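Per-entry structural report
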Amino acid sequence: MTQDQPRSGLLHAIARKLHELFLPPRGRNNAHSQPGKHRRACNDRGLLVFDHTGEVIKAERLLRAAGLEVEVKGPPPQMRTGCDMVVVFELVRQVRALEVLEQGGLVPSQVVSANDVLLEPVSLFQTKSVDDRWIMVRAANMKITMDTADDRIVNISGGGCPDVPWVASKLCGLRLAEAPEPLSLGQTLCCYSLQKAFEELRRATRMWCIVGTLPDQDFALCPAGLEDDSTVADGLLRLPDGQRVPVQRGTAALAATAILACGALGVAPPRLLLAGDSGSGAGSRAIYAWLEQNLGSIAPAGLTFHYLFPDLDWHNRVLMAVQALAVRPRMVADAGFMYVAKMSGYADAYDLFTPDLGELAFLADEKAPHPFYTRGFLLAREGDVTPLLRHAIEHGNCPKNMIIKGAKDYIVTDGSITATVEAPSVAAMECIGGTGDLVTGLATAFLCAGACMNEACTAAASMARLLAQHCAPNPGTQIGELIAKLPEALHEARAKWRGGLASISAR
């Protein structure tokens, strides 16, 4: 562009380029533009209540065979009438669920909207770490224990059904990934409980994966970060293949934050899938292609997507690969990947976004292909959060959980603002690049540690502010300097944690 080129011409060129990036060409039959047969939506949950445990087991089998997403949990205290399990389902699919059950000869004793009556089903599982090496999961009367040193099942205990010793003899000594499912070997209620414990053990030990790019076009796609743990030392992110990456803003800062926080919490750190991309999109497309082909082989417990070139077609391919997994991972999106997740029309397939106020305005604008074009972007203020949030949710442009970052952080859980975090307030943080990456990295770490969504989000926003208070930065401070002090700040904060976070800090 020459200095004489009109600004209007530049803006027109940008608009045309963004239209090409975000919107599929007209007339193109794009098989990847519609993940799944049904649009995902953020739905309330319903509870199917039965009189007998055997009916719950049969209902779960029938509903899953019909393609419905269900979970078996413990009933809320107000609803404990003898059977210790309920089936949790998407309330919007109630008609279909009852139709499937009727065809199978089952009629629930109650169908309840969990949100309407403020009922919260409870987990059937108790998970315990023993000497920081073994992990034991209990479901009802059955327990299964694994050695995390080599992922081998070392013990199965509990129950009195005759197939328990037989199943135990077939599973003990095998690696978790190699072991057959208990219900493929036995058929009693004890074996059903063991199956549930087995599934929870797999869920609890699957890795979390951070996916993003580095500002280095010569950094090749690096799946090695998925094969072993990365570490952080001396301001460098150290990958398993020996590569060293400076901890600066962007995905490196997010990854370093999550790794150090998980270390302080005593939980396994997330693995990394990285590639270099300085804006051309080549590295991002390499990541997208790898995920499309290999996501099933790693079956992660969670995915945090960060700086990725916003390619609509590739986003939808990856989302289809996620939806094809036997167990859907939790998904967090920030930066460029959050943009394309919104533009795909499937933002509500995600579990958490971490926008700032301007990005919230983008999510609320159903027509904007990029924050650059958001109506009201420059005029968005703190007082606009509630109407913007409502508009974004109404149009399906965001998940039901968000951390809206700003002078005051808003924690959104299940579509409502459940908390605000505004202290301590350190003015210099507004000047420091990478503070948003810090918050998203902390949220990832708390989710890795098993915190519930509301606790993870609130703790992430609070911890970022406590870290700033601990470090007393000035406007010239770099984000890597703050991240290096994160273990110290976490140690100071842990004594004040309550609720579920207190149990995390005790691990």
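Residues numbered from 1 in each chain as written. Predicted model: local features only at pLDDT ≥ 70, side-chain atom pairs only at ≥ 80, totals over all residues. Heavy atoms only, no water.

The helix and strand tally for the chain stands at 16 helices and 19 strands. Each of the 507 residues in the chain was classed as buried or not, and the buried ones make up 49%. For the chain, restricting intrachain contacts to residue pairs at least 6 apart in sequence, the fraction spanning at least 24 positions comes to 65%. Surface summary for the chain: the accessible area is close to 23,600 Å², and the carbon and sulfur share equals 51%. (Helix = DSSP H or I, 4+ residues; strand = E, 2+ residues; numbered from the N terminus. Buried < 20%, exposed > 50% of the residue type's maximum accessible area, 1.4 Å probe, protein only. Contact = heavy atoms within 4.5 Å. Areas by Shrake-Rupley, 256 points an atom, 1.4 Å probe, with all protein chains shown as cover.)

Right, let's get into the side chain of Asp334. Take Asp334: it is sitting in the loop between β15 (330–333) and α9 (335–343). Once residues lying within four places of it in the same chain are set aside, the contact partners of Asp334 are Phe305, His306, Thr354, Lys405, Gly436 and Thr440.

Moving on, we come to the pattern of salt bridges. Charged atoms that come close allow side chains of opposite charge to pair. Overall, the coordinates contain 12 salt bridges when judged by the stated rule. One salt bridge in this structure joins Glu60 and Arg64, with 3.0 Å as the shortest N-O distance. With a gap of 4 residues between them, Glu60 and Arg64 both fall in helix α2 (residues 53–65), about one helical turn apart. Among the residues examined, Glu60 registers a relative accessible area of 5% and is labelled buried. When its relative accessible area of 40% is taken as the criterion, Arg64 is described as partly exposed. Across the pair Asp351 and Arg328 runs a salt bridge whose closest N-O atoms are separated by 3.0 Å. In this pair, Asp351 sits in the loop between α9 and β16 (352–353) while Arg328 sits in the loop between α8 (312–323) and β15, placing the two residues 23 residues apart along the sequence. Ionic contacts of the salt-bridge type, sharing partners, join the residues Glu60, Arg64, Lys196 and Glu199 into one network. (Salt bridge = Lys/Arg side-chain N within 4 Å of Asp/Glu carboxyl O.)

Attention shifts here to the side chain of Glu200. If you trace the backbone, Glu200 turns up in helix α5 (residues 189–205). Accessibility expressed as a relative area gives 11% for Glu200, which makes it buried. Setting aside anything within four residues of it in sequence, one finds Glu200 in contact with Phe125, Thr127 and Val137.

Moving on, we come to the packing of aromatic side chains. Scanning all chains against the criterion turns up 6 aromatic pairs. Judged by centre distance (6.4 Å) and plane angle (5°), the ring pair of Tyr288 and Trp314 falls under stacked. Here Trp314 lies in helix α8 and Tyr288 lies in helix α7 (residues 282–298), a separation of 26 residues in the sequence. Accessibility assignment for this pair places Tyr288 and Trp314 in one class, buried. On the basis of an interplanar angle of 70° and a centroid distance of 6.0 Å, the ring pair of Phe337 and Tyr350 is categorised as edge-to-face. Taken together, the residues span a long stretch of sequence, with Phe337 in helix α9 and Tyr350 in the loop between α9 and β16 at a distance of 13 residues. Pair check on accessibility: Phe337 and Tyr350 agree, each one buried. Taken together, the aromatic side chains of Tyr288, Phe305, Trp314, Phe337, Tyr350 and Phe353 make up a single cluster linked through ring pairs. One Lys or Arg, Arg285, reaches over the ring of Phe309 and ends 5.9 Å from the middle of that ring. Sitting over the ring of Trp314, Arg317 keeps its end group 4.2 Å from the ring centre. (Phe/Tyr/Trp six-rings, centres within 6.5 Å; stacked < 30°, edge-to-face > 60°. Lys NZ or Arg CZ within 6 Å of the ring centre and 35° of its normal.)

Right, let's get into α2. Its 13 residues give α2 an end-to-end C-alpha distance of 19 Å, which sits within 8% of 18 Å, the value for a rise of 1.5 Å per residue. Those residues of α2 lying buried are Val56, Ile57, Ala59, Glu60 and Leu63. Around the axis of α2, the buried residues are gathered within 165° of arc, so they sit on the same side. Seen from the open side of α2, the exposed residues pointing more than 90 degrees away from its buried face are Arg61 and Ala65. (Expected span 1.5 Å × (residues − 1). Arc of directions from axis to C-beta.)

What follows is about the environment of Val439. Assignment of secondary structure puts Val439 in helix α12 (residues 435–448). Taking the C-alpha atoms as reference points, Val439 and Ala460, 21 residues apart in sequence, are found 5.6 Å from one another. In contact with Val439, other than residues within four places in its own chain, are Ile403, Lys405, Ala460 and Ala464.

As a further point, take the sheet that holds strand β11 (residues 236–238). Taken in spatial order, the 3 strands make up an open sheet running β10-β11-β12, and their pairing is antiparallel. The open sheet terminates on both sides in strands that have one partner only, identified here as β10 (231–233) and β12 (244–246). For this sheet, the mean inter-axis angle between neighbouring strands, taken without regard to orientation, is 30°. Lying on the sheet, helix α6 (residues 251–265) is in contact with β10, β11 and β12; it crosses β10 at an angle near 100°. (Pairing = 2+ DSSP bridges. Axes fitted to C-alpha atoms, helices over the stretch in contact; angles between N-to-C directions.)

Before going further, it helps to examine unusual backbone geometry. The omega torsion across Ala423 and Pro424 is -5°, close enough to zero to call that bond cis. When you line up the elements, Pro424 lands in the loop between β19 (416–421) and α12. Within the chain, Ala299 stands out as a residue other than glycine whose phi angle is a positive 40°. Among the secondary structure elements, Ala299 is positioned in the loop between α7 and β14 (302–305). Residue class for Ala299 comes out partly exposed when judged on its relative accessible area of 27%.

It is worth spelling out α5 at this point. The first and last C-alpha atoms of α5 sit 24 Å apart over 17 residues, in line with the 24 Å expected at 1.5 Å per residue. Restricting attention to buried positions, one finds in α5 the residues Cys190, Cys191, Tyr192, Ser193, Leu194, Gln195, Lys196, Ala197, Phe198, Glu200 and Leu201.

Further remarks concern the state of the cysteines. Scanning the entire structure with this criterion turns up 0 disulfides. Looking at the unpaired Cys191, the closest cysteine sulfur is the one in Cys190, lying at 8.6 Å. Accessibility expressed as a relative area gives 3% for Cys191, which makes it buried. (Disulfide = S-S within 2.5 Å.)

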